[in-house]
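Summary of the model geometry
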Amino acid sequence: MATPLTLKELSKKEVLLTSGHRMCSGCGAPIVVKMILLASDYPVIASNSTGCLEVSTCISDFTAWKIPWMHSAFENSAATAAGIETMYRSLKKQGKIDKEIKFIAFGGDGGTYDIGLQSLSGAMERGHDMLYVCYDNGAYMNTGIQRSSATPYGADTTTCPAGSVVPGKPQQRKDITKIMAAHDIPYTAQASPSHWMDLVKKVKKALEIKGPKFMNILSPCNRGWRSKTDDAIQLSRLAVETCYWPLYEIENGVTKITFKPKEKKPLVDFLKPQGRFKHLFAPGNENMLKNFQEMVDKEWGSLLKASGTE
């Protein structure tokens, strides 16, 4: 029987990522992972690409994971999960296992948008019964805050530093969710830890669907975003309410917006609390703020059109 979607019932379930890990104080990633594992009504086996989550939750002989978990290389979390899922199907066919098990691959945006894209695309195209989760913090945070193709327009990183010549990253963020939907897989979605019910519902739905699934989940990084250590949920909520990070799902080709702000907030509400965008508010950069707002408005308009809710 599926677990009721109430905070009270979820609070009774065992937390499968323990405290005592070495993620930074206030990091969004462990919040996201705890929510995902609480959402599952099945035993879960996870693969995890090299990155913040992997290196901080399994140190030498010590692990924070209370599920079977495998560390893969930076570029192949999806391939690792696909291999485990294939082995499981073989054992089930041979009658050596009868338990219903779900498979989740975790990767940061560097290991998903960039280095791991070939592995992810291959696993989705082959149709493996697995859920791939990208915890998206918008840069290569574990190795020094270098820009990735998930880094937002205008952001200051160590490899696209804001200065007199280049005012932050000049390119727009890659839309990995739509790229994965273009693989014609049964389910893709975007979620945010600020809207926990929406996130949990999407994970539960994804795990009930046979075949490959993809979820992109916002994961604030106060170190890379240069924000406070207690504002991960607040920033996640502002990302949703400004439509920088819209919440939606694409199931069997049908797009549905799962949260529509009653009053869409201006993008600057999301940008101001983050030091990585501080330079955008300096005199002379007004046009960059205008461009960024127009990008967000355009993407939100396209999503409204695709979902039939203009």
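In this text, all values refer to a predicted model and were calculated from it rather than measured experimentally.

So, the pairing of strand β5 (residues 102–108)
- With seven of its seven residues buried, β5 lies for the most part within the structure.
- Residues of β5 alternate between two faces, with Lys102, Ile104, Phe106 and Gly108 on one and Phe103, Ala105 and Gly107 on the opposite face, all of them buried.
- Pairing analysis gives five bridges linking β5 to strand β6 (residues 130–136), with the strands arranged parallel. The partner of Ala105 across the bridge, within β6, is Tyr132.

Some remarks on the pattern of salt bridges
- This structure, assessed with the given rule, holds 19 salt bridges.
- Close ionic contact of Lys66 with Glu14 constitutes a salt bridge, the shortest N to O distance being 2.7 Å. Linking Lys66 in the loop between β3 (62–63) and β4 (69–72) with Glu14 in the loop between α1 (7–11) and α2 (28–39), this pair joins segments that are 52 residues apart in sequence.
- Since its relative accessible area comes to 46%, Lys66 is described here as partly exposed.
- The salt bridge partner of Lys102 is Glu100, with a shortest N-O separation of 3.5 Å.

Considering the sheet that holds strand β1 (residues 44–49)
- Strand order in the open sheet formed by eight strands is β4-β1-β5-β6-β8-β7-β9-β10, with mixed pairing between adjacent strands. Taken across any chain shown, the strands that pair with only one partner, and hence form the sheet edges, are β4 and β10 (254–259). The mean angle between the axes of side-by-side strands here comes to 15°, regardless of whether they run parallel or antiparallel.
- Relative to strand β8 (residues 212–218), strand β7 (residues 187–191) runs parallel, the two sharing five bridges. Residue pairing across strands places Tyr187 opposite Lys213, the latter belonging to β8.
- Sheet strands in contact with helix α12 (residues 286–307) are β9 (247–251) and β10, and its direction is about 120° off that of β10.

Re the environment of Lys8
- With respect to the helices and strands, the residue Lys8 is situated in helix α1.
- Here the alpha-carbon distance between Lys8 and Arg276, two residues 268 residues apart in the chain, equals 37 Å.

A look at the layout of surface pockets
- Of the volumes computed, that of the largest pocket is approximately 290 Å³.
- What lines the largest pocket is a set of 18 residues, and nearest its centre among them are Gln172, Arg173, Asp175, Tyr244 and Glu299.
- In terms of residues, the lining of the largest pocket owes the most to one element, α12, which gives six residues.
- Contributing to the lining of the second largest pocket are 19 residues, with Cys24, Cys52, Met141, Cys221 and Arg223 lying nearest its centre.
- Among the elements of the structure, α2, α3 (52–57) and α9 (222–225) are those that each provide at least two residues to the lining of the second largest pocket.
- Grouping the constituent residues of the lining of the second largest pocket by class yields ten nonpolar, seven polar and two charged.

Topic: empty space enclosed by the protein
- Inspection of every chain in the model, using the stated rule, returns three cavities of 30 Å³ or more.
- Of the volumes computed, that of the largest cavity is approximately 110 Å³.
- Lining the largest cavity are 15 residues, and of these Gly51, Phe74, Ala139, Tyr140 and Met141 lie nearest its centre.
- The residue inventory of the lining of the largest cavity, partitioned by class, reads six nonpolar, eight polar and one charged.
- Counted as a void, the second largest cavity has a volume near 50 Å³.

Observations regarding helix α10 (residues 232–241)
- Counted residue by residue, α10 has seven buried out of ten residues, so it is predominantly covered.
- Among the residues of α10, those classed as buried are Ala232, Leu235, Ser236, Leu238, Ala239, Val240 and Glu241.
- Those residues of α10 that are buried lie in contact with β8, α9, β9, β10 and α11 (268–271).
- Cys243 occupies a position one or two residues after α10 and carries a positive phi of about 70°.

Digging into the nonpolar core
- Core analysis: the largest hydrophobic core is formed by 88 residues, its most contacted members being Ile36, Trp65, Phe106 and Met130.
- Broken down by element, this core gets its largest block of residues, eight residues, from α2.
- In this view, Ile36 contacts Ile104, Phe106, Val133, Leu199, Val203 and Ile217; residues no more than four positions away in its chain are not counted.

Let's talk about the environment of Tyr88
- Mapping Tyr88 onto the fold places it in helix α4 (residues 77–93).
- Relative accessible area serves as the criterion here: at 8%, Tyr88 is assigned to the buried category.
- For the pair Tyr88 and Ile59, spaced 29 residues apart in sequence, the C-alpha separation works out to 27 Å.
- Setting aside residues no more than four positions away along its own chain, Tyr88 makes contact with Ile97, Lys99, Glu100, Ile101 and Phe103.
- A distance of 3.3 Å separates a polar side-chain atom of Tyr88 from the backbone nitrogen of Ile101.

Cut-offs applied
- Residues numbered from 1 in each chain as written.
- Predicted model: local features only at pLDDT ≥ 70, side-chain atom pairs only at ≥ 80, totals over all residues.
- Heavy atoms only, no water.
- Buried < 20%, exposed > 50% of the residue type's maximum accessible area, 1.4 Å probe, protein only.
- Helix = DSSP H or I, 4+ residues; strand = E, 2+ residues; numbered from the N terminus.
- Pairing = 2+ DSSP bridges.
- Salt bridge = Lys/Arg side-chain N within 4 Å of Asp/Glu carboxyl O.
- Axes fitted to C-alpha atoms, helices over the stretch in contact; angles between N-to-C directions.
- Contact = heavy atoms within 4.5 Å.
- 1 Å grid on protein atoms, 1.4 Å probe; cavity = no way out; pocket = protein on both sides within 12 Å on 5 of 7 lines; lining within 4 Å.
- Points joined across faces, edges and corners; volume = space filled by probe spheres on them.
- Nonpolar A, V, L, I, M, F, W, Y, C, P; charged D, E, K, R; others polar.
- Core = buried A, V, L, I, M, F, W, Y, C linked by side-chain atoms within 4.5 Å.
- Polar contact = N/O pair within 3.5 Å; in protein donor to acceptor, adjacent residues only side chain to side chain.

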